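Residue-level structure breakdown
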Amino acid sequence: MSVQNQAVAEWQSSADVVRAQRRSVGVLFAAQILGGLGIGAGVAMGSLLAEEVTQDEALAGISRTMSTLGTAAFAVPLVMLAARRGRRFALTTGWALAVIGAATLVSSIAVGRSTPLVSVPLLMVGMLVFGAGQAANLQSRFAATDLAPPRTRARSLSLIVWATTVGTVLGPNLAAPGETVAGWFGLPGIAGPYLIGSVGLVLGALVSWIGLRPDPLLVARDHTVRASRGRPEEPALARGEVVRTIWQLPLLRTALIAVVLNQTVMVTVMTMAPVHMAHHDMTLPMVGFSLSLHTLGMFAFSPLVGMVADRIGEVPTVLLGTVITLVSLGFCFVAGDSMVLITVGLFLLGLGWSFGMVAGSALLTRAAPERIRAQVQGFSDTSMNLVAALGAAAAGPVLALWGYPWLSAIAAVVVVVIIVLVLPQRRHD
């Protein structure tokens, strides 16, 4: 171990940093549950809200598109804000912007379908700003690694990913109580989940603002400067220089591509799964059950995935995830009208994504130079969401032309690309 790396290891194991890390993970976990509840409600009800406002079933998907673009648009600014002011300021801002987005969405409902020239733009702007909450949600997983020693980095990250389970499970169930709440204000029932979810977003912002003291990113930066033994701090890089640096570092480049493609495969195949099931006359409860198990695979096992990544290394864990994903796509390819096969395929698709997301994000954090780590994380989240949005947009035409089996086959080719890129990096673990 080099002298500098030894110094870094020493400060990460000091009592004050250990306490700060434990506090940071606890605060992030709580904020993720509270804010994630609001995000989960918005994602679950977005298409129904869009249909209610636009009165056009064909435009129902605009909600997912705009919120995904919003997540991509806010990822880098929030990370740059973190780099300047700390995670506390950036995460609070992300959750607060999501509250503004939710209020704008409720306004689009209040304006009503009778004035589409106002309500539809409000819907689109609201979804775009609402995406800042998902950007904060994603940044939280990296915030958990700021003070974590390398041997527990993936585990810390995975706990925050796991906290997302609460929002994704409870969010859709806000519809029933939401109707009652919406009635108190004379609004259509679809506004209710956003009203309740906004409370969670406000609480998430408050928990982040009050609880993230000391700020984990600022503490890490302070100790890193001390560990550098007085060497002058290197200036921050411009965005173009950050991208060039990523491309020049093979392990970092591979981690970025693996995370982006892992997300794209999952979103592309999952987005068209309900349509495929509907084509085979599966009922809505059956579709809901399959998607619930998919979500379970995505988040419920993430702490276990983090432990595996810390034990055997991030690169082997990413490769294990690609194998699981390939198996899942095999089930999707042959599923046809079998409820059992498509459900197993979607569950394994979520589980493979979990391995790729947790281990890939930890690998990205390890491979990024400290001075541009936050910028790399933001660039990763932006790229991940933009490419996944393109994949989801392309999935519809592919499904219409060739069907779900061939959509799964194309996704499998992308997974093979991940394997080809990641395999040579095994020497780094």
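Residues numbered from 1 in each chain as written. Predicted model: local features only at pLDDT ≥ 70, side-chain atom pairs only at ≥ 80, totals over all residues. Heavy atoms only, no water.

Once that is clear, we can look at the pattern of salt bridges. A full pass over the atoms with the stated rule returns 4 salt bridges. Arg87 is the partner of Asp146 in a salt bridge, and the nearest nitrogen-oxygen pair spans 2.8 Å. Remark: Arg87 occurs in helix H4 (residues 87–111) and Asp146 occurs in the loop between helix H5 (116–143) and helix H6 (153–170); sequence separation between them is 59 residues. Comparing Asp146 with Arg87, the two get one shared label, buried. With a closest N to O distance of 3.0 Å, Arg141 and Asp381 form a salt bridge. Taken together, the residues Arg141 in helix H5 and Asp381 in helix H16 (residues 373–402) connect sequence positions 240 residues apart. Classification of Asp381 as buried rests on a relative accessible area of 3%. (Salt bridge = Lys/Arg side-chain N within 4 Å of Asp/Glu carboxyl O. Helix = DSSP H or I, 4+ residues; strand = E, 2+ residues; numbered from the N terminus. Buried < 20%, exposed > 50% of the residue type's maximum accessible area, 1.4 Å probe, protein only.)

Moving on to a nonpolar patch on the surface. Together, Val199, Val202, Leu203, Leu206, Trp209 and Ile210 make up a nonpolar patch on the protein surface, roughly 510 Å² of accessible area in all. Of note, Val202 is situated in helix H8 (residues 192–211). What makes Val202 partly exposed here is its relative accessible area of 37%. (Patch = residues over 30% accessible without salt bridge, like charges linked within 9 Å, V, L, I, M, F, W, Y side chains within 5 Å. Areas by Shrake-Rupley, 256 points an atom, 1.4 Å probe, with all protein chains shown as cover.)

Further remarks concern the confidence of the model for the protein. Model confidence for the protein is summarised by a mean pLDDT of 86, while 90% of its residues fall at 70 or above. Here helix H1 (residues 3–12) stands out as the element of the protein with the lowest mean pLDDT, 56, in contrast to helix H14 (residues 314–334), whose mean of 97 is the highest. Considering only residues more than four positions removed or in separate chains, one finds that residues 1–7, a stretch of pLDDT under 50, has 6 contacts. (pLDDT = per-residue confidence, 0-100. Contact = heavy atoms within 4.5 Å.)

With that settled, consider the environment of Val387. Relative to the helices and strands, Val387 is located in helix H16. Relative accessible area serves as the criterion here: at 32%, Val387 is assigned to the partly exposed category. Residues Val387 and Val260, 127 residues apart in the sequence, show an inter-C-alpha distance of 7.1 Å. Each residue touching Val387, except ones within four places of it in the same chain, is listed here: Val260 and Thr264.

Leu329, Ile342, Leu349, Val376 and Tyr404 are the most contacted members of the largest nonpolar core, which totals 67 residues. It is helix H11 (residues 250–279) that provides the largest number of residues to this core, a total of 16 residues. When sequence neighbours within four positions are dropped, the list of residues in contact with Leu329 reads Val265, Val269, Leu349, Ser408, Ala411, Ala412 and Val415. Residues Ala102, Ile109, Ala136 and Ala205 belong to the second largest nonpolar core, which totals 32 residues. (Core = buried A, V, L, I, M, F, W, Y, C linked by side-chain atoms within 4.5 Å.)

What follows is about the packing of aromatic side chains. Taken as a whole and judged by the stated rule, the model has 6 aromatic pairs. Both rings, one in Phe29 and one in Trp162, keep their centres 5.7 Å apart while their planes meet at 15°; by these two values the pair is stacked. One end of the pair, Phe29, is in helix H2 (residues 15–54); the other, Trp162, is in helix H6, with 133 residues separating them in the sequence. With a centroid separation of 6.1 Å and an interplanar angle of 85°, the aromatic rings of Phe301 and Phe347 are classed as edge-to-face. (Phe/Tyr/Trp six-rings, centres within 6.5 Å; stacked < 30°, edge-to-face > 60°.)

All right, on to the packing of helix H3 (residues 62–85) against H16 then. The interhelical angle for the contact between H3 and H16, taken along N-to-C directions, is 180°, at an axis separation of 8 Å. One way to sum up the angle between H3 and H16 is to call them roughly antiparallel. When H3 is examined against H16, the residues Thr68, Leu69, Thr71, Ala72, Ala75, Val76, Val79, Met80 and Ala83 are found in contact with a partner set consisting of Ala374, Gln375, Gly378, Phe379, Asp381, Thr382, Asn385, Leu386 and Ala389. Residues belonging to the contact of H3 with H16 are distributed by class as follows: 11 nonpolar, 6 polar and 1 charged. (Axes fitted to C-alpha atoms, helices over the stretch in contact; angles between N-to-C directions. Parallel < 35°, antiparallel > 145°, perpendicular 65-115°, else oblique. Nonpolar A, V, L, I, M, F, W, Y, C, P; charged D, E, K, R; others polar.)

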